[in-house]
Amino acid sequence: MKASTVPLALASLIFFVSCASGHGRQPSPSSSPTLIGHVTTVAGAPAANASVQLSLLTSYTDSDGNFSFQLQSPGIYNLSIQGADGVFFAQDVFVSNGDNQLTVVLDPSPSKFTVVRVNPHLNSQEALLLGPIEITFSRSINPASISASSFLLTPGVGEIEFVVDGASVRLYPSRELKPGQRYRLRIAGVSAVDGTRLSAEAFTFFCTTAIDKAAPVALASIPSNGASDVPLNQAVQVTYSDTIAPPEGGYSAAIEPALEIRELAAEDNILRIILAGMFIPNTDYVITVNPVQDYSGNLSQPFQVTFRTGTTAVAFDDIEPAWNVFANTIIFSRAIGGRYDLYRINADGSGLSQVTDTSANERHPSFSSDGSLVAYASDVSGNWDVWVRSLTSGASSQLTFLPENETSPAFCGTYSQIIAFVRSEGLPSNSRIYLMNADGSFSRRADERSSRDEWSPIFHPLLDNQLLYVTNEGGDNDIFSKSAFIDSSNPVNVNLTATLTGNESAASFSADGSTIAFLSDQTGVRNVWVMDPAGSAHYAVTRFSEPVHSLAYSPIAGDDRVVVSMGPSSSRSLYVVSLVSGNIERRLTE
């Protein structure tokens, strides 16, 4: 199974440590706390040179199996110990003022359900950059108890594949670990087959080797090796374990039967093979990718994928674009076979890549101002909730958990990281705009006095205290502005399209806030219009025969362009459109 690492708060399970006199002294409540430990094997022999980790403090046992920590304050500490023979112990300990004495027996077969071995070894300094992390438990574990929160590696490494084998779990990060990086692995929430859960969280630390000698490994491909009935317009890409460096002379690949390759382009750890045409129906293909290298000069092995095409081209539905200047990319929702995932593409049409790949729908993406985070709505829990994803680590976190549907998240345009979203019990009725922080905290209504249905919020690019939204208060859909809602109990709401008789939607500010682009069906077909921020002048920009579904204004100051989603229902594509001429400049997706 695969799961994205999701940050969780640490739980506190207390393991009782008896406090006894040390060196003939009774501990004084006013003396600083000291933890004095003695580690033995099951046979009673001292466990010499065992690695000991007390929260963020590191030590080793001496030849008699002893260790000690002089601490600044009493409290609960995470204790992890691993002997030279690999036997592991982990528990939370409460350390009081004075001398606290503890004896730990490293038992490879304890009666309770716990972690008994970890590899890499606790506090090892030469862990491999590419290879499994293995955790062994004292009993066979229930695979159904393993989730994204069971094994949290910090710093994050994106997706992790878990392979359960009896009492052991092997973790395969989707990316090489960073050279010379200290990592912490948190183990929690795992159950044995008999239903027993871990009594406490376990923590282990290790440091990777400082020199990258690991060659990139091809981890996956689209199409996958051996695939059949591949669509004739299938995008082709290979995902490697490390970031790909541009080689002298460029990348190279071959396709049999011969098919022209228009471009080979790499972004991070993904190599894309962009074809000049479509595949031939009912044909066996072999694609061979010559070795690629990482930034340390390590060369991969050649990669080969074989597959057979079907008879049809796959239909994409690309909607809800968001455009960010710092990320220099457009993120959008794409449906293949009815399920939406998030994708990204550059404004020049290059660099198409998939961002999410789950069994659920991901919709309504919105960039944070610096382009590092994407907020979106997902129905993975059975109803719509707001999530946020780091484009750097690939980690996703759920921000809302109520049974009501929460959709249409929109990051503010500044660095305050406020997110507006819509909560409802059935769109569009009873839909209200809420605000929260990027970590899901401080959730509150944007306008307590409003009784209208409000949806599709979008912030002013420079002001936290102004946003646009859509409501049907006047019988048709209009675009309103809402201001003074953060620091006032009486927000100001103004109808900006009251003079238009059509339905308006999908408003978006220009980079400087001087112009608003939006959609209106005033002329019979939903097209792109623009207006000034006061709503005093409106005019149509495009005259497309196909309805426009959604749009995003260019985030570049002075750039009068929008990216729009347009086409027949369930088969829409993205286009870059000039607001000066009203013409299509470029088709981005097809």
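Draft legend 1. Structural detail: the overall build of the protein chain. Counting secondary structure elements, the protein chain contains zero helices and 48 strands. Dimensions along the principal axes, computed over C-alpha positions, put the protein chain at roughly 90 × 70 × 45 Å. Of the side-chain charges in the protein chain, 34 are positive and 57 negative, and the distance between the mean point of each set is 3 Å.

Draft legend 2. Structural context of the pairing of strand S33 (residues 405–411). Buried residues dominate S33, accounting for six of its seven residues. Where S33 and strand S34 (residues 418–424) come together, five bridges link them in antiparallel fashion. By the bridge assignment for S34, threonine 407 is matched with valine 422. Hairpin connection of S33 to S34: six residues between the antiparallel strands, including glutamine 417 at a positive phi of 60 degrees.

Draft legend 3. Here's a closer look at the pairing of strand S26 (residues 329–336). The buried count for S26 comes to seven of eight residues, which makes it a mostly enclosed element. Both strand S25 (residues 316–324) and S26 contribute to a ladder of seven bridges, which runs antiparallel. Residue alanine 322 lies in a different strand from S26, and its bridge partner there is isoleucine 331. Counted between consecutive antiparallel strands, the loop separating S25 from S26 contains four residues, among which asparagine 328 sits at a positive phi close to 55 degrees. Pairing between S26 and strand S27 (residues 339–345): seven bridges, direction antiparallel. Along S27, the bridge assignment pairs isoleucine 336 with arginine 339. Hairpin connection from S26 to S27: two residues lie between these consecutive antiparallel strands, with glycine 337 at a positive phi of about 75 degrees.

Draft legend 4. The arrangement of the sheet that holds strand S37 (residues 455–459) in detail. Judged by pairing direction, the sheet is antiparallel, and its four strands sit side by side in the order S37-S38-S39-S40 without closing on themselves. If you trace the sheet from one side to the other, it starts and ends with S37 and strand S40 (492–495), each paired once. Going from strand to strand, the sheet's axes swing by 25 degrees on average, the running direction of each strand aside. Looking at chain direction, S37 and strand S38 (residues 466–471) are connected through three bridges and run antiparallel. Paired with phenylalanine 459 across the two strands is leucine 467, which belongs to S38.

Draft legend 5. Looking closely at the pattern of salt bridges. Taken as a whole and judged by the stated rule, the model has 16 salt bridges. Arginine 175 is paired through a salt bridge with aspartate 268; the nearest N and O atoms lie 3.0 Å apart. In this pair, arginine 175 sits in the loop between strand S14 (168–173) and strand S15 (182–187) while aspartate 268 sits in the loop between strand S21 (261–267) and strand S22 (270–275), placing the two residues 93 residues apart along the sequence. For aspartate 268, a relative accessible area of 39% translates into the label partly exposed. The residue arginine 561 makes a salt bridge to aspartate 559 at a minimum N-O spacing of 3.0 Å. Just as arginine 561 is buried, aspartate 559 falls in that class too.

Draft legend 6. Spatial organisation of the sheet that holds S25. Taking strand neighbours across the sheet as the criterion, the four strands line up as S25-S26-S27-S28 in an open arrangement whose pairing is antiparallel. Strands with a single pairing partner mark the edges of an open sheet, and in this sheet they are S25 and strand S28 (353–354). Bridge count for S27 against S28 is two bridges, and the pairing is antiparallel. Across the sheet, tyrosine 343 pairs through a bridge with glutamine 354, a residue of S28.

Draft legend 7. Seen up close, the confidence of the model for the protein chain. In the predicted model, the protein chain carries a mean pLDDT of 89, and the fraction of residues at 70 or more is 94%. Contacts for the low-pLDDT stretch residues 1–30, under 50 throughout, to residues beyond four places or in other chains number 83 contacts.

Draft legend 8. Structural detail: the environment of proline 120. With respect to the helices and strands, proline 120 occurs in the loop between strand S9 (115–119) and strand S10 (124–127). Along the chain, proline 120 and glycine 86 lie 34 residues apart, while their C-alpha atoms are 9.5 Å from each other. If we ignore the near neighbours within four places in the chain, the residues touching proline 120 are Gln82, Ala127, Ile133 and Phe206.

Draft legend 9. Representation of the nonpolar core. Among the nonpolar cores identified, the biggest contains 27 residues, and Ile135, Phe137, Phe151, Leu153, Leu171, Ile187 and Val190 are the most heavily contacted of them. Counting residues per element, the ones that place at least two in this core are strand S7 (88–95), S9, strand S11 (133–137), strand S12 (151–154), strand S13 (159–165), S14, S15 and strand S16 (202–208). Not counting chain neighbours up to four residues away, the residues in contact with isoleucine 187 comprise Val115, Ile135, Phe137, Ser150, Phe151, Leu198, Glu201 and Ala202. Residues Val422, Leu496, Leu500 and Phe518 belong to the second largest nonpolar core, which totals 25 residues.

Draft legend 10. Examining the side chain of threonine 40 more closely. Along the polypeptide, threonine 40 turns up in strand S2 (residues 34–41). In this structure threonine 40 touches Ala45, Pro46, Ala47, Val104, Val105 and Leu106, once residues within four positions along its chain are discounted.

Draft legend 11. The arrangement of unusual backbone geometry in detail. With an omega of 0 degrees, the peptide bond between isoleucine 222 and proline 223 qualifies as cis. The peptide bond linking glutamate 256 to proline 257 adopts the cis configuration, its omega dihedral lying at -5 degrees. Relative to the elements of secondary structure, proline 257 occurs in the loop between strand S20 (253–256) and S21. Although it is not a glycine, glutamate 320 adopts a positive phi angle of roughly 55 degrees. Following the sequence through the fold, glutamate 320 ends up in strand S25. Its identity is not glycine, yet histidine 364 carries a phi of approximately 55 degrees, on the positive side. Mapped onto the elements of the fold, histidine 364 is located in strand S29 (residues 362–367).

Draft legend 12. Inspection of the environment of isoleucine 433 at higher detail. Mapped onto the fold, isoleucine 433 is located in strand S35 (residues 432–437). Overall, the relative accessible area of 1% leaves isoleucine 433 in the buried class. Setting aside residues up to four positions removed in sequence, isoleucine 433 forms contacts with Ala420, Phe421, Val422, Arg445, Ala446, Glu454, Pro457, Leu467 and Tyr469.

Draft legend 13. Molecular detail of a nonpolar patch on the surface. On the surface, Val325, Phe326, Tyr415 and Ile556 cluster together into a nonpolar patch covering about 440 Å² of accessible area. Following the sequence through the fold, isoleucine 556 ends up in the loop between strand S45 (548–553) and strand S46 (561–566).

Conventions used here
- Residues numbered from 1 in each chain as written.
- Predicted model: local features only at pLDDT ≥ 70, side-chain atom pairs only at ≥ 80, totals over all residues.
- Heavy atoms only, no water.
- Helix = DSSP H or I, 4+ residues; strand = E, 2+ residues; numbered from the N terminus.
- Lys, Arg positive; Asp, Glu negative; His and termini not counted.
- Charge placed at Lys NZ, Arg CZ, Asp CG, Glu CD.
- Buried < 20%, exposed > 50% of the residue type's maximum accessible area, 1.4 Å probe, protein only.
- Pairing = 2+ DSSP bridges.
- Axes fitted to C-alpha atoms, helices over the stretch in contact; angles between N-to-C directions.
- Salt bridge = Lys/Arg side-chain N within 4 Å of Asp/Glu carboxyl O.
- pLDDT = per-residue confidence, 0-100.
- Contact = heavy atoms within 4.5 Å.
- Core = buried A, V, L, I, M, F, W, Y, C linked by side-chain atoms within 4.5 Å.
- Patch = residues over 30% accessible without salt bridge, like charges linked within 9 Å, V, L, I, M, F, W, Y side chains within 5 Å.
- Areas by Shrake-Rupley, 256 points an atom, 1.4 Å probe, with all protein chains shown as cover.

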